[in-house]
Amino acid sequence: MTYIVTDNCIECKYTDCVEVCPVDCFYEGENMLVIHPDECIDCGVCEPECPADAIRPDTEPDMEKWVEFNRKYSEMWPVIITKKDQLPNAEERDGEDGKMDKYFSEAPGEGG
Ligand code: SF4
Ligand code: F3S
């Protein structure tokens, strides 16, 4: 199994998750992170750290599309291992519906 990042990360990107990952498998897009499913060792410590509740185990229903989404972008974006400031509208956009269609950017983040 693996853990993956789902759409409520978009436009929040709190990055608390990256500080606790023992294998540095988070990758940064312009407005969300993803986890590389083949690098994640399923330790689960990142899940409770996310203020937006965006990290899920792939054992939940209908997670296959998110596993493939996380794999695709983790191979395109730079690794991130250091926490940075959340995005400016993080608190307002936490929990908003339709974030993928409204805001998702394929552009890479800066990493670091
Ligand atoms: Fe990293 Fe563990 Fe989270 Fe996987 S479950 S992304 S190994 S902290
Ligand atoms: Fe995103 Fe949550 Fe990490 S909002 S950046 S998955 S702490």
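What you are looking at is a predicted structure, and each value in this text was computed from that prediction instead of being measured.

Draft legend 1. The pattern of salt bridges, seen in detail. Applying the stated criterion across every chain, the model contains 12 salt bridges. A cluster of three or more residues bridged by salt bridges with shared partners is formed by E11, R93, E96 and K102.

Draft legend 2. The nonpolar core, seen in detail. With 32 residues, the main nonpolar core has V5, F26, M32, I35 and I55 as its most contacted residues. At the level of elements, β1 (3-5), α1 (16-20), β2 (26-28), β3 (33-35) and α2 (64-74) are the ones that each hand at least two residues to this core. No other element matches α2, which puts 4 residues into this core. Setting aside anything within four residues of it in sequence, one finds I55 in contact with Y3, I4, V5, C17, F26, I35, C46, E47 and C50.

Draft legend 3. Representation of the site of ligand 1 in the model. Looking at ligand 1, there are 13 residues lining it, with C21, C40, C43, G44 and C46 nearest. In the shell around ligand 1, the residues fall into 12 nonpolar, 1 polar and no charged.

Draft legend 4. The arrangement of the environment of E68 in detail. Within the element layout of this structure, E68 appears in helix α2. Residue classification places E68 among the partly exposed residues on the basis of a relative accessible area of 36%. Along the sequence, E68 and I4 sit 64 residues apart, while their C-alpha atoms lie 9.5 Å from each other.

Draft legend 5. Representation of the site of ligand 2 within the structure. Taken together, C9, K13, Y14, T15, D16, C17, L33, C50, P51, A52 and I55 are the residues near ligand 2. Classifying every residue of the shell around ligand 2 gives 8 nonpolar, 1 polar and 2 charged.

Draft legend 6. Quick look at α2. Burial in α2 covers these residues: W66, V67, F69, N70, Y73 and S74. Down the axis of α2, the sector holding all buried residues measures 165°, keeping them to one side. Those residues of α2 that are exposed and angled more than 90 degrees off the buried face are E64 and K65. Tucked into the core, α2 has its buried residues touching β1, β2, β3 and α4 (99-103).

The rules we used
- Residues numbered from 1 in each chain as written.
- Chains lettered and ligands numbered in written order.
- Predicted model: local features only at pLDDT ≥ 70, side-chain atom pairs only at ≥ 80, totals over all residues.
- Heavy atoms only, no water.
- Salt bridge = Lys/Arg side-chain N within 4 Å of Asp/Glu carboxyl O.
- Core = buried A, V, L, I, M, F, W, Y, C linked by side-chain atoms within 4.5 Å.
- Buried < 20%, exposed > 50% of the residue type's maximum accessible area, 1.4 Å probe, protein only.
- Helix = DSSP H or I, 4+ residues; strand = E, 2+ residues; numbered from the N terminus.
- Contact = heavy atoms within 4.5 Å.
- Near = heavy atom within 4 Å.
- Nonpolar A, V, L, I, M, F, W, Y, C, P; charged D, E, K, R; others polar.
- Arc of directions from axis to C-beta.

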